[in-house]
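# Tertiary structure, described
Here are the chains, one letter per residue:
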Amino acid sequence: MKRESLVSITDYSKEDILDVLEKASQFEQNPNRRVLEGKVIATLFFEPSTRTRLSFETAVNRLGGRVIGFSDASTTSSTKGETLKDTIMMVSNYVDLIIMRHYLDGAARYASEIASVPVVNAGDGANQHPSQTMLDLYSIYKTQGRLENLNITMVGDLKYGRTVHSLLMAMSHFKPTFHFVAPEELKMPEEYKLYCDSLHIPYVEHQDFTEEVINQADILYMTRVQRERFTDLMEYEKVKNVYTLHNQMLRDSKPNLRILHPLPRVNEISQDVDDNPKAYYFEQAKNGLYARQAIICKVLGIEI
Ligand code: CP
């Protein structure tokens, strides 16, 4: 039985990604399959979460496994000075799989090198959020009928937003055209633009969030400005409400446009968008259950 961690979306080939999407589709047809009977899964959340933790835990419960873990690291021995290394060594003794969110970039890779069981990265700092990417890809595929040759417009905090970093890398398999809409302070980091350059993936950068940009998009991927990543909160105050999508801005958008957002949202999507049939962010979050069931099975080498 093959067992491998999922730390970065680049750990998965195009074939691996398509395999997870196929499994997610099977789980959507029937999410209640007792393939984790007898298994214990740890969810270690060193940072707050609603969707990622609850959808992973629902995934385990619906597959017949059991969950241990914490959603508030202040209740653990890390407050007594226990290192991440020791925590992972201990938890590895108890469980079959560790799902971890951590505030430090690279923490998940480090944990995967220490752990004797597979590790799934549930978000590490501003770095990667691969399980979010799998549900994003599943949502794109469901709404567009394909992953290839799409115009993907990413809006907001492209500097600290780990979801856009993972999504950019995953979409690189599928001939996308990217539009990056961000203020100077929150631009897509050079390393990701160089990644696109190295693969001849076209991208255009914008500072203005205009209807002209929206009207070209197949997918409009809105993001929250990541307050928790700013060292200077005055800088956050300057950019926190930089863009807001209003319903009237969608009047000439493509019929197939879908609006995604990893959530939580703050002010970047007005509530008047929620009833627009192009708003897909709540369904997107629901798809997280099926995508995470698929990831857990793939990581543990369980056939369904
Ligand atoms: N999208 C996402 O990671 O949401 P949570 O922070 O609520 O888990």
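These remarks concern the structure in this document. Think of each chain on its own: its residues are numbered from 1, step by step along the sequence as written. Reporting in this predicted model follows two pLDDT cut-offs: at least 70 for local features of residues, and 80 or more for side-chain atom pairs to be given and counted; totals over whole chains, interfaces and linings ignore these cut-offs and use all residues. Heavy atoms from the whole structure form the basis of all side-chain values; hydrogens and water molecules are not counted.

## With respect to a nonpolar patch on the surface
Rule in force here: By definition, no residue in a patch forms a salt bridge, and every one has over 30% relative accessible area; like charges are joined within 9 Å, nonpolar side chains (Val, Leu, Ile, Met, Phe, Trp, Tyr) within 5 Å. Here, Shrake-Rupley sampling with a 1.4 Å probe gives the accessible areas, and only protein chains in the shown set may cover a residue. When a carboxyl oxygen of Asp or Glu lies within 4 Å of a side-chain nitrogen of Lys or Arg, that pair is called a salt bridge. What counts as a helix is a DSSP run of H or I of at least four residues, what counts as a strand is a run of E of at least two, and both are numbered from the N terminus.
A surface patch of nonpolar side chains, about 380 Å² in accessible area, is lined by Ile68, Met89, Met90 and Tyr94. Residue position: isoleucine 68 is located in strand S2 (residues 66–70).

## So, the site of the ligand
In plain terms, the rule: A molecule or strand has a residue near it when one of that residue's heavy atoms lies within 4 Å. Counting of polar contacts relies on pairs of N or O atoms within 3.5 Å, with two restrictions inside protein: one atom must be capable of donating a hydrogen and the other of accepting it, and residues adjacent in sequence are counted only when both atoms are side-chain atoms.
Close to the ligand lie Ser49, Thr50, Arg51, Thr52, Arg101, His129, Gln132, Pro262 and Leu263. Within the contact set of the ligand, an oxygen atom lies 2.6 Å away from a side-chain nitrogen or oxygen of serine 49. In this structure, leucine 263 approaches the ligand through a main-chain N or O atom, which is 3.0 Å from a nitrogen atom. In the complex, 91% of the free accessible area of the ligand, which totals 250 Å², lies under the protein chains.

## Focus on the packing of helix H6 (residues 162–171) against helix H7 (residues 190–198)
We apply this condition: Axis definition: a line fitted to C-alpha atoms, over the contacting stretch in the case of helices. Angles run 0 to 180 degrees between N-to-C directions. When an angle is under 35 degrees it counts as roughly parallel; over 145 it counts as roughly antiparallel; between 65 and 115 it counts as roughly perpendicular; any other value is oblique. In this description, contact between two residues means that some pair of their heavy atoms is separated by no more than 4.5 Å. All residues other than Ala, Val, Leu, Ile, Met, Phe, Trp, Tyr, Cys, Pro, Asp, Glu, Lys and Arg, Gly among them, are scored as polar; the first ten of these are nonpolar and the last four charged.
Where H6 meets H7, the axes come as close as 11 Å, and the angle between the chain directions of the two elements is 10°. Considering the angle they form, H6 stands roughly parallel to H7. For the pair formed by H6 and H7, the contact residues are His165, Leu168 and Met169 on the first element and Tyr192, Tyr195 and Cys196 on the second. Residues that form the contact of H6 with H7 fall into these classes: 5 nonpolar, 1 polar and no charged.

## Let's talk about the packing of aromatic side chains
To keep things clear, this is the line we draw: The aromatic pairing rule takes the rings of Phe, Tyr and Trp, using the six-membered ring of Trp, and pairs them if the centres are within 6.5 Å, calling planes under 30 degrees apart stacked, those over 60 edge-to-face and the rest tilted. A simple rule labels every residue: compare its accessible area, found with a 1.4 Å probe on the protein chains alone, to the largest value its type can have, and call it buried under 20%, exposed over 50%, or partly exposed in between.
Taken as a whole and assessed by the stated rule, the structure comprises 7 aromatic pairs. Between phenylalanine 46 and phenylalanine 70, the aromatic rings sit 5.2 Å apart at their centres with planes inclined by 90°, giving edge-to-face as the arrangement. One end of the pair, phenylalanine 46, is in the loop between strand S1 (40–45) and helix H2 (51–62); the other, phenylalanine 70, is in strand S2, and 24 residues separate them in sequence. Summarising the burial analysis for this pair, phenylalanine 46 and phenylalanine 70 share the class buried. Geometrically, the ring pair formed by phenylalanine 178 and phenylalanine 180 is stacked, given 5.6 Å between the ring centres and 20° between the ring planes. Side by side, phenylalanine 178 and phenylalanine 180 carry an identical accessibility label, which is buried.

## Considering the pattern of salt bridges
Side-chain pairs of opposite charge can arise whenever the charged atoms involved come near each other. Evaluation of the coordinates by the stated rule reveals 18 salt bridges. The salt bridge partner of glutamate 28 is lysine 142, with a shortest N-O separation of 3.0 Å. In this pair, glutamate 28 sits in helix H1 (residues 14–29) while lysine 142 sits in helix H5 (residues 130–144), placing the two residues 114 residues apart along the sequence. Exposure remark for glutamate 28: the relative accessible area of 31% places this residue in the partly exposed category. Here arginine 162 makes a salt bridge to glutamate 47, at a shortest N to O gap of 3.3 Å. In this pair, arginine 162 sits in helix H6 while glutamate 47 sits in the loop between S1 and H2, placing the two residues 115 residues apart along the sequence. Assigned by exposure class, arginine 162 and glutamate 47 land together as buried.

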